[in-house]
Every structure is written in structure tokens, then in C-alpha cells.
Amino acid sequence: MKTGNEDNIGSMRTLPSMFYKDPSLLEEMKEMIFARSWQLVTDVDRLKAPGQVVPHSVMEGFLNEPIIMTRDADDQLHCLSNVCTHRGNLLVEGECHAQSLRCRYHGRRFSLDGQMVTAPGFEGVADFPADSDHLQSVPFASRRIY
Ligand code: FES
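These numbers were taken from a predicted model, which means no experiment stands behind them.

Quick notes on the rules
- Residues numbered from 1 in each chain as written.
- Predicted model: local features only at pLDDT ≥ 70, side-chain atom pairs only at ≥ 80, totals over all residues.
- Helix = DSSP H or I, 4+ residues; strand = E, 2+ residues; numbered from the N terminus.
- Rg over C-alpha atoms; globule rule 2.2 N^0.38 Å.
- Core = buried A, V, L, I, M, F, W, Y, C linked by C-beta atoms within 7 Å.
- Buried ≥ 20, exposed ≤ 12 C-beta atoms within 10 Å, placed from the backbone.
- Contact = placed C-beta atoms within 7 Å.
- Expected span 1.5 Å × (residues − 1).
- Pairing = 2+ DSSP bridges.

Peer 1: How would you summarise the overall build of the chain if you had to cite specific residues and measurements?
Peer 2: When you go through the chain residue by residue, the secondary structure sums to two helices and seven strands. Along the chain, from the amino end to the carboxyl end, the secondary structure elements read α-α-β-β-β-β-β-β-β. For the chain, the C-alpha radius of gyration of 21 Å lies well beyond 15 Å, the compact-globule estimate for 146 residues. Principal axes of the C-alpha set define a box for the chain whose edges measure 65 × 45 × 25 Å.

Encoded structure:
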């Protein structure tokens, strides 16, 4: 597809050098390009059994976004943030089989679909849990590759 600018190549300039050196631009590109694109996470065969939990770091060494894939008791797959909604502790550090996810810092417990179930010390707090207390869901799709 032509954009109309192809005929003016002689008047084009290279990107300014700051484009390659400015760390804030790199961070902006991470969000604008890579955080919004499809990334391979895992082989769904690793999540065959209900209760299976597989942590993953999206684009390790670049985005470093910690997520977890789970299969709940209803046989539904979920892709969730692996960051506790309380103080940001990493919830799951290794592949495991679990009925729920318990944060080892202050003990919040989440179901395998990301809903916060219990939070020690927060019993009776008004309007708790709020939507922001549940683990953030990450859009995903599974594909069978033959
Ligand atoms: S950081 Fe997870 S319960 Fe506090």
C-alpha cells in the first residue's frame, strides 16, 4: 500500500540520533509496540490439568512482565498478572499445581481466575475487595500448531 510519500524519498531525513539514545523513547516504544503485540507464552499442554499454574516473564530481559497461566477447576484457562495487588510481591515463582494462589508476603489468597478470596487483616473493611484488588486479567488466545 502506498502512502503517497514514496515519491518524495529524496527529501526524507534519517531519524535524529536521540531516537536511538533516549531511554525514555525506548520505554515508550516498549509500551506502544511490544506490550500491545502478541507474545508466545507457553505450550498449552503444560496446562492440561485443572489447578496447573505456569508463570512466565513476557519478553524476558526486555519487557519483563510477570504473568501466570492457570487452568481452574472448571477447566477454564486464564492469563493473569503475577503481581500481588497489595504490595506488588511476585505471587508464583515456579510451575506448580494449586487450588488457589497465596501471596507469601501478607497472605492474600486469589482464586485461579484471579479473584481475591481472602486478605488477612482486611476482614470487615468497607467496599473491600474492590475491582483493583483482583489480579489483572491479560488478554490471550490459544492456538494449536500442527
Ligand atoms: S504483597 Fe501480597 S499480600 Fe501483601
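Peer 1: Could you give me a rundown of the nonpolar core, with the residues and numbers involved?
Peer 2: A general trend in soluble globular proteins is that nonpolar side chains are found buried together. Within the largest apolar cluster, 16 residues are counted, with the highest numbers of intra-cluster contacts made by I68, L80, L91, V92 and L101. Where this core is concerned, the elements lending two or more residues are β1 (52-58), β2 (65-71) and β3 (77-81). Ranked by the residues each element gives to this core, the list is headed by β2, at three residues. Those residues in contact with V92 that sit more than four places away from it in its chain are V53, P55, I68, N82 and L101.

Peer 1: So what's going on with helix α2 (residues 23-34)? Which residues, and what values?
Peer 2: Look at α2: 16 Å from first C-alpha to last across 12 residues, which is about the 16 Å you get at 1.5 Å a residue. For α2, the tally of buried residues reaches only zero of 12 residues, placing the bulk of the element at the surface.

Peer 1: So, unusual backbone geometry: which residues are in play, and what are the values?
Peer 2: Residues F128 and P129 are joined by a peptide bond in cis, for which omega reads 0 degrees. Considering the arrangement of structural elements, one finds P129 in the segment after β7 (116-118). The phi angle at D75 is positive, at roughly 70 degrees, despite the residue not being glycine. The residue D75 is located in the loop between β2 and β3 in this model. At D127, a residue that is not glycine, the phi angle is positive and equals roughly 55 degrees. Take D127: it is sitting in the segment after β7.

Peer 1: Got a sec to walk through the pairing of β1? Specific residues and values, please.
Peer 2: Taken together, the two bridges between β1 and strand β4 (residues 96-97) define a ladder with antiparallel strand orientation. Among the inter-strand pairings, Q52 is bridged to a residue of β4, identified as H97. By the bridge criterion, six bridges tie β1 to β2 in an arrangement that is antiparallel. Bridging across to β2, V53 finds its partner in T70. Counted along the chain from β1 to the antiparallel partner β2, the turn is six residues long, and its residue M59 has a positive phi close to 50 degrees.

Peer 1: Account for the environment of K30, naming residues and giving values.
Peer 2: Following the sequence through the fold, K30 ends up in helix α2. Distance from K30 to C103, taken between C-alpha atoms, is 28 Å for residues 73 residues apart in sequence. Excluding residues that lie within four positions of it along the chain, K30 makes contacts with A35 and L63.

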